[in-house]
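Summary of the model geometry
Listed here are the chains, written in short residue letters.
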Amino acid sequence: MKITDIISLDNIFIDLEVSSKKALFKEIANIIEKKSAIEQSDVLDNLNKREQLGSTAIGDGIAIPHSKIMGLKKIFSLFIRPKESIDFSAADSKKIDIIFVIIAPEESKTDHLMALSEISNFLRIKGNKEKLRKLKSIDSIFEIFSNFNVD
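Before going into details, it helps to say that this report is about the structure given with it. Everything quoted here is computed from the prediction, not taken from an experiment. (Residues numbered from 1 in each chain as written. Predicted model: local features only at pLDDT ≥ 70, side-chain atom pairs only at ≥ 80, totals over all residues. Heavy atoms only, no water.)

For the rest of this paragraph, the subject is the packing of helix α2 (residues 21-35) against helix α3 (residues 40-52). α3 packs onto α2 with a crossing angle of 140 degrees between their chain directions and a minimal axis gap of 8 Å. Looking at the two axes, α2 sits oblique to α3. Judged by the twist between their axes, the crossing of α2 over α3 is right-handed. Contact residues: α2 offers K21, F25, K26, I28, A29, N30, I32 and E33, while α3 offers Q40, V43, L44, L47, N48 and E51. (Axes fitted to C-alpha atoms, helices over the stretch in contact; angles between N-to-C directions. Helix = DSSP H or I, 4+ residues; strand = E, 2+ residues; numbered from the N terminus. Parallel < 35°, antiparallel > 145°, perpendicular 65-115°, else oblique. Left-handed = near helix turned anticlockwise from the far one by under 90°. Contact = heavy atoms within 4.5 Å.)

Rendered as structure tokens:
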């Protein structure tokens, strides 16, 4: 699995106007409802339930909110860079400015884990986080995703 298998060009959002985790989750639910047959309320409920188990912030200004949702046919992912950093209750207390969202079918056994692994591998490469923070266009972000290969 490659990042571009789960994050298409039209699923990259930069300078998204959200001021809180709650507003971010509403926007994510809205985007997913428009792009799939999944109700906004189902996405929002599932993201909030997962977040109640513990923050999906992984440190260094990055969060990977994720959930499994019944009725989804295939894994669905977004990359979001909000206009302003948002509080995510991260263990390192840093505000979040890089967000990868992974929504997988309820019955998915491994796809979401493969997606998490691919994103994690991408983030471990020196300089990639900084590039994601600095790049000015959706096309340039998609290009670094396209050029990433762990082989």
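Below, the discussion takes up the pairing of strand β6 (residues 98-105). Burial analysis of β6 places eight of its eight residues in the buried class, the great majority of the element. Looking at chain direction, strand β3 (residues 62-63) and β6 are connected through two bridges and run parallel. In the strand pairing of β6, I62 is matched with I98. Across four bridges, the pairing between strand β4 (residues 66-69) and β6 is parallel. Within β6, the residue paired with S67 across the bridge is I103. (Buried < 20%, exposed > 50% of the residue type's maximum accessible area, 1.4 Å probe, protein only. Pairing = 2+ DSSP bridges.)

Within the element layout of this structure, N128 appears in helix α5 (residues 128-134). In this structure N128 touches F122 and F148, once residues within four positions along its chain are discounted.

For the structure shown, the criterion picks out six aromatic pairs. Ring centres of F100 and F145 lie 5.9 Å apart, and the angle between their planes is 45 degrees; on these two criteria the pair is classed as tilted. Residue F100 is located in strand β6, and its partner F145 is located in helix α6 (residues 138-147); the two are separated by 45 residues in the primary sequence. Like F100, the residue F145 is buried in the burial classification. With centroids separated by 5.3 Å and ring planes inclined at 75 degrees, the aromatic side chains of F122 and F145 adopt a geometry described as edge-to-face. With F122 in helix α4 (residues 111-124) and F145 in helix α6, this residue pair connects regions lying 23 residues apart in the sequence. Across this residue pair, the class does not change: F122 and F145 are buried. Of the aromatic side chains, those joined through ring pairs into one cluster are F79, F100, F122, F145 and F148. Looking at K21, its charged tip hangs above the ring of F88, at a distance of 5.0 Å from the centre. (Phe/Tyr/Trp six-rings, centres within 6.5 Å; stacked < 30°, edge-to-face > 60°. Lys NZ or Arg CZ within 6 Å of the ring centre and 35° of its normal.)

Attention now goes to α2. Count 3.6 residues to each turn of an α-helix, and residues three or four apart come out pointing the same way. With 15 residues, α2 extends 21 Å between its outermost C-alpha atoms, agreeing within 8% with the 21 Å of an ideal straight helix rising 1.5 Å per residue. For α2, the full list of buried residues reads K21, L24, F25, I28, A29, I31 and I32. All buried residues of α2 lie within an arc of 165 degrees about the axis, which places them on one face of the element. Exposed residues on α2 whose side chains face more than 90 degrees from its buried face are K22 and K34. Here the buried face of α2 lies against β1 (12-16), α3, β5 (76-82) and β6. (Expected span 1.5 Å × (residues − 1). Arc of directions from axis to C-beta.)

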